[in-house]
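# Reading the structure
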Amino acid sequence: MAASTDWIVRNLWLIPTLPILAGAAISVTKQRHRVFAASLAIASMAVAFLLSLDAFLHVLSLGHGETLKQAININWFQFGNEWVKLGWLLDPLTAVMLLMVTFVGLLIFIYSFGYMAEDENCTRFFCFLALFAGAMLGVVIANSLLLLFMFWEIMGLTSYLLIGFWYAKPIASAAAKKAFIVTRIGDLGFFLGMAWLYFQTGTLLFYDNGAGCLEHSALTAMLVHATILGLTVSTGIGLLIFCGAAGKSGQVPLHVWLPDAMEGPTPVSALIHAATMVAAGVFLIARIYPLMSAHIPSLLTPTIALQVVTWVGAITALFGSLVAVAQFDIKRILAYSTVSQLGYMMIGLGVGGVSVGMFHLITHAFFKALLFLGAGSVIHGCSGEQDIRHMGGLKKYMPITLVAYSAGMLALCGFPLFAGFWSKDEILHSAFAWSVSSIPFYMGAIGALLTAFYMTRQMYYVFFGDTHRPAHHFAPADDKLSEGSHGHHAPHESPSVMTTPLLILAVFAVFLGFMGTPFWPWFQSFLEGEQAVLSVAPFAAAWRLMLISTCLVLLGMGFGWKLYAGKIKQANEPDPLQQLQPRIFSVLSHAFYIDRIYAVTFVRLNTVFAHLSAWFDRWIFNGVVQIVSKIVLGAAYVDNFIDKYAVNAGFDGGCETVSYSARTLSLLQNGRIQSYLRTIGLALIALAILMFWGAKP
Amino acid sequence: MSPLNGYLLLSALLFSIGLAGALTRRNAILVLIGIELMLNAANLNFIAFWRYGPNPAALTGIMFTIFSITIAAAEAAVGLGIILAVYRHTRSTDLDQMSSMKG
Amino acid sequence: MNLIFFILATLTIVGTAAAMSLRSAIHCILALTIGLVGLAALYLLLGAQFVGFTQILVYVGAVAILAVFAIMMTQGASAPTQPILSSSWLTGVSVAVAVFAVLAWAIHASASTQTAQPQPEVSVNQIGAALMHRFGLPLEIMGLLLTAALIGAVILAMPEKKETL
């Protein structure tokens, strides 16, 4: 890995710094200067995008091979005898992530300006957004696990701030707290893994001229001895760091915060909880993939770490798609869909490697952002309505949104030739070929079927059929806290500042997949540092699976059409699926009651601990303090008593004695000369007697 | 009893009489007179010792006595002057009543 | 011991005792005078003629007269109406008795080795010479003292000037 003197490599740090500086500048801007704040944020993102483009082109120009990884490390502070270093890294993985984050981020920033224009806290919104963007970009370029963790936490903070943006709504602030706490639980594992890694290898830098923790010497050292349960050290560390990724990427069982995070404004949901932040967990696993996949060469099975990642991902994929079937809030459907797709990405990483998982991450970012922005457009057009049962027939009011949303929906379902088809197929192909088990493949396949089903359901509810929204269900015109409400009564198309990003994203949703087809796997080769070859040879191996997945998609869409097309006339009619299987439907709509289980177990346990601590504090600590204070008070009283009766009395007594003796002695002085003379006479006698007696021999 | 002892005894007696008077009389002038008597007794003592002492040629006793008489006279003059001044203020020579220096 | 001595001693004692115990102040002074004369005679007996005469001149001639003047000026001449002795006279008398006891005991207890000695001859010439030579300084100091006493007595006895404000 040669130390490059190229300008972009040396100045890669500008990419996260510019949005952070913009955020800092916006934080001191007055609330009414919205245009200025938005422009500053958008400009910083645009410059970051141009710089990312430059970085991408630079990596492209470097060709192939290991020289693709270029890192710059600088000394930060001294810890004992060693220097703690931090640095940034430019390699194909970094380049594609940078490009995706800055591009999607830029589009969403522009969209937000239209969406949040009427909100009185618009400036604060852009401040947090810019800060988030900076933090995400920091995670992407970090070459040190510590630096990555720091930016990771900043992302968590901004996510909290943005979910709870409308903090006056108690449900929003509760959701923000939940997000922060649940991801924190994952971060605990992350931190332990990080500490263990530092202890094991002495460095937290990924690549450092052969001395980094992901490089060959460190990895072989970690494989030498086994630790708990016969796992190697690298697997143990990998699993701990996966805890952090599981929290951030909403894997089961730490997924509970993602649906509630929809309380934030829609651009937040699009940027953070669909495209970028939740993908950061996947990115983290991709980053430390050498660690996760390090195994003794003689072993042929994948490492335990990767197996765990795959199983968790498979469970999450199936779970998310099952629950999404029974949701009625437009954003919640998309949220569970995100959970499910993140599961797919984890499967991809586990069975197929970095390129498989990352390909789906990139395509998912585009079409999920598109879907969320489209949902935002729908909500904005319906004056804040989020329940799909109260929408319908919107295709005649919002044609542009419909077109863009359809493109996203088809991409998500994996309809042939759309972006999601290629990426999801890669995953299913690798899962099918997994040496350990085929169950993840079947779970993924069922998930794909369900994805097509629920997205079709959503489309029918929102865009097709009759408009069955009762008039009195409009959001009140003066409710500034809910989304998109501005007092209009009929649904209408959104302004072009919102629809243009939609259309741009739609184009990508359609065409992005072509960079990773099996015939020309440019994306995968780019990430692995190889030359991409255009050939039809893979078709022979892959055509069967492509056919199966197409059938699954069509099957799912067919079910959806059969159950929902034209069936829903009124808002308060029960859902057709609910009519078919009411008990299953209710379990699904409550997300398998996981939230309830957590509330009864962990939350209640925590409450018990809280009460215990309160009792402890009140009776034990407080008791000790009270005892000490009573002792001190008692000592003070005793002191007072002694002072008053002993010291004072003694002193007073002494003074009294002196006074008394003085008074007594002063009786001698009665002003009469003769009595003085008498006294002198007596003294003379006494003296004489003394002298004579003393002088007698 | 030798002559000296006799004179000394007499002098002691005179002294005591003067002391008794000084301590018991009410009139201030008589107290002063008592003091004068005490001085006189001392003078007698001096002369007696001069006469029966070791070195009469030195005239020490006589000199002392002369000076003593002088001083006694001066003191009597001043003392009586004081008593007169006090009498002018308080219209009395009663010593028992002159206790304003009390305390 | 001489008879003269006893007679003169008795005279002196009676005179002084009377001086201290008579009721009227004038009578006291007169008795004092007798006592002083007796003392002067004792001085003569002892051979200190100069001192004896000085005694008469000064004490009898000046001090006693002065005392009489003082008594007359302070209305002591009339018969006294109040008690003559102070309120706690017994303490005073006992003190005086104690003093006499101590002195007498001291005199009695001390060894006396003196026997009769020839009368020393002393002339006024000798006294004068001693005054001028050996006792020159005390002489001068006496002068100073007398001057001060003189001035003081005059000031004390002067009638007070009433200050007009």
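Since the model is a prediction, treat every value here as computed from it, not as a measurement. (Residues numbered from 1 in each chain as written. Chains lettered and ligands numbered in written order. Predicted model: local features only at pLDDT ≥ 70, side-chain atom pairs only at ≥ 80, totals over all residues. Heavy atoms only, no water.)

Of regular secondary structure, chain A possesses 26 helices and two strands. Taking all 697 residues of chain A together, 55% fall into the buried category. Across chain A, the fraction of contacts at a sequence separation of at least 24, relative to all contacts at a separation of at least 6, is 78%. In the structure as shown, chain A presents an accessible area of about 29900 Å², 71% of it carried by carbon and sulfur atoms. (Helix = DSSP H or I, 4+ residues; strand = E, 2+ residues; numbered from the N terminus. Buried < 20%, exposed > 50% of the residue type's maximum accessible area, 1.4 Å probe, protein only. Contact = heavy atoms within 4.5 Å. Areas by Shrake-Rupley, 256 points an atom, 1.4 Å probe, with all protein chains shown as cover.)

The number of helices and strands found in chain C is six helices and zero strands. Listing every helix and strand of chain C by position from the N terminus yields α-α-α-α-α-α. Put simply, of all contacts in chain C between residues at least 6 apart along the chain, 57% involve residues at least 24 apart. A total of about 9700 Å² of accessible surface is found on chain C, and carbon and sulfur atoms cover 73% of it.

A word on the confidence of the model for chain C. Across chain C, pLDDT averages 87, with 90% of residues at or above 70. Predicted complex metrics record ipTM = 0.90 and pTM = 0.65. (pLDDT = per-residue confidence, 0-100.)

Between chain A and chain C, the contact holds 10 residues from the first and 11 residues from the second. Both sides together, the interface formed by chain A and chain C hides about 860 Å², and carbon and sulfur atoms give 77% of it. Applying the counting rule to chain A against chain C returns zero salt bridges. For the pair chain A and chain C, the interface holds zero residue pairs in polar contact (both at pLDDT 80 or more). Grouping the constituent residues of the side of chain A that touches chain C by class yields five nonpolar, two polar and three charged. (Buried area = accessible area lost by both parts, 1.4 Å probe. Salt bridge = Lys/Arg side-chain N within 4 Å of Asp/Glu carboxyl O. Polar contact = N/O pair within 3.5 Å; in protein donor to acceptor, adjacent residues only side chain to side chain. Nonpolar A, V, L, I, M, F, W, Y, C, P; charged D, E, K, R; others polar.)

The subject of this paragraph is the interface of chain B and chain C. Facing the 70 residues of chain B at the interface are 79 residues of chain C. Between chain B and chain C lies a buried interface of about 6500 Å² when both sides are counted; carbon and sulfur atoms form 76% of it. In terms of surface lost to chain C, no three residues of chain B exceed R25, R51 and F67 of chain B, which account for 10% of the buried area on that side. Taken together, chain B and chain C are joined by zero salt bridges. Applying the counting rule to chain B against chain C returns seven residue pairs in polar contact (both at pLDDT 80 or more). The set of elements that each furnish at least two residues to the side of chain B that touches chain C consists of helix 1 (3-24), helix 2 (28-52) and helix 3 (60-90) of chain B. Considering each element in turn, the side of chain B that touches chain C owes the most residues, 23 residues, to helix 3 of chain B. Among the residues making up the side of chain B that touches chain C, the classes are represented as 46 nonpolar, 18 polar and six charged.

This model, assessed by the stated rule, comprises nine salt bridges over all chains. Here R672 of chain A and D96 of chain B are joined by a salt bridge, their closest N and O atoms 2.9 Å apart. Of this pair, R672 of chain A sits in the loop between helix 25 (594-666) and helix 26 (673-695) while D96 of chain B sits in the segment after helix 3, on two different chains. Exposure class is identical for R672 of chain A and D96 of chain B. Each is buried. For D96 of chain B, the salt bridge identified is with R26 of chain B, shortest N-O distance 3.5 Å. Note that D96 of chain B is positioned in the segment after helix 3 and R26 of chain B in the loop between helix 1 and helix 2, a separation of 70 residues in sequence. We note that D96 of chain B, like R26 of chain B, is buried.

Here the bond from V252 of chain A into P253 of chain A is cis, since omega is 5°, no more than 30 degrees from zero. Notably, R91 of chain B is not glycine yet its phi reads approximately 60°, a positive angle.

As a further point, take helix 20 (residues 496-511) of chain A. The terminal C-alpha atoms of helix 20 of chain A lie 22 Å apart, and with 16 residues this matches the ideal 22 Å at 1.5 Å per residue to within 8%. Considering only its buried residues, helix 20 of chain A is in contact with helix 4 (92-115), helix 16 (354-381), helix 17 (399-413) and helix 18 (419-432) of chain A. (Expected span 1.5 Å × (residues − 1).)

Judged by nonpolar contacts, the single largest core of 214 residues is most densely connected at M97 and M358 of chain A. In terms of residue count, the dominant contributor to this core is helix 16 of chain A (17 residues). Apart from residues lying up to four places away in sequence, M358 of chain A is in contact with L93, M97, F283, A286, F523 and L527 of chain A. If you look at the next biggest cluster of nonpolar residues, it comprises 76 residues, including L23, L44 and A73 of chain B together with A96 of chain C. (Core = buried A, V, L, I, M, F, W, Y, C linked by side-chain atoms within 4.5 Å.)

So, about a nonpolar patch on the surface. Together, W615, F616, W619, I620, F621, V624, V628 and V632 of chain A give the surface a local cluster of nonpolar side chains, amounting to about 810 Å² of exposed area. For F616 of chain A, the location among the structural elements is in helix 25. (Patch = residues over 30% accessible without salt bridge, like charges linked within 9 Å, V, L, I, M, F, W, Y side chains within 5 Å.)

With that settled, the discussion passes to the packing of helix 6 (residues 145-163) of chain A against helix 11 (residues 266-275) of chain A. Residue and element names in this part refer to chain A. Look at helix 6 against helix 11: their axes get within 11 Å of each other, and the N-to-C directions meet at 155°. Classified by the angle their axes make, helix 6 and helix 11 are roughly antiparallel. By crossing handedness, the relation of helix 6 to helix 11 is classed as left-handed. Residues S159, L162 and I163 of helix 6 touch helix 11, and the partners they reach there are V268, I272 and H273. Classifying every residue of the contact of helix 6 with helix 11 by side-chain character gives four nonpolar, two polar and no charged. (Axes fitted to C-alpha atoms, helices over the stretch in contact; angles between N-to-C directions. Parallel < 35°, antiparallel > 145°, perpendicular 65-115°, else oblique. Left-handed = near helix turned anticlockwise from the far one by under 90°.)

To continue, consider the packing of aromatic side chains. Taken as a whole, this structure holds 30 aromatic pairs over all chains when the rule is applied. Note on F432 of chain A and F441 of chain A: the rings are 4.8 Å apart at their centroids and 65° apart in plane angle, and the pair reads as edge-to-face. A relative accessible area of 46% means that F432 of chain A is categorised as partly exposed. For F441 of chain A, a relative accessible area of 7% translates into the label buried. One cation-aromatic arrangement involves R51 of chain B over Y52 of chain B; the distance from NZ or CZ to the ring centre is 4.8 Å. (Phe/Tyr/Trp six-rings, centres within 6.5 Å; stacked < 30°, edge-to-face > 60°. Lys NZ or Arg CZ within 6 Å of the ring centre and 35° of its normal.)

Turning our attention to the side chain of T29 of chain A. Residues and elements named next belong to chain A. Topologically, T29 is positioned in the loop between helix 2 (14-27) and helix 3 (34-61). Accessibility expressed as a relative area gives 13% for T29, which makes it buried. Of the polar contacts made by the side chain of T29, one reaches the backbone oxygen of A25; its length is 2.9 Å. Residues within four places of T29 in sequence aside, it is in contact with F36 and T123.

This brings us to the confidence of the model for chain A. Looking at chain A as a whole, the pLDDT averages 83, with 89% of positions reaching at least 70. Across residues 471-487 of chain A, where pLDDT falls below 50, the model places 33 contacts with residues more than four positions away in sequence or in other chains.

Our next topic: the pairing of strand 1 (residues 70-79) of chain A. Residue and element names in this part refer to chain A. Bridge count between strand 1 and strand 2 (residues 82-90): nine bridges; the pairing is antiparallel. Note that in strand 2 the partner of A71 across the bridge is L89. The loop that links strand 1 with its antiparallel partner strand 2 comprises two residues; one of these, G80, has a positive phi angle of about 75°. (Pairing = 2+ DSSP bridges.)

Take helix 3 of chain B next. Taking 1.5 Å of rise per residue, 31 residues should cover 45 Å, and helix 3 of chain B covers 44 Å from first to last C-alpha, within 8% of that figure. Following helix 3 of chain B by one or two positions, R91 of chain B adopts a phi angle in the positive range, close to 60°.

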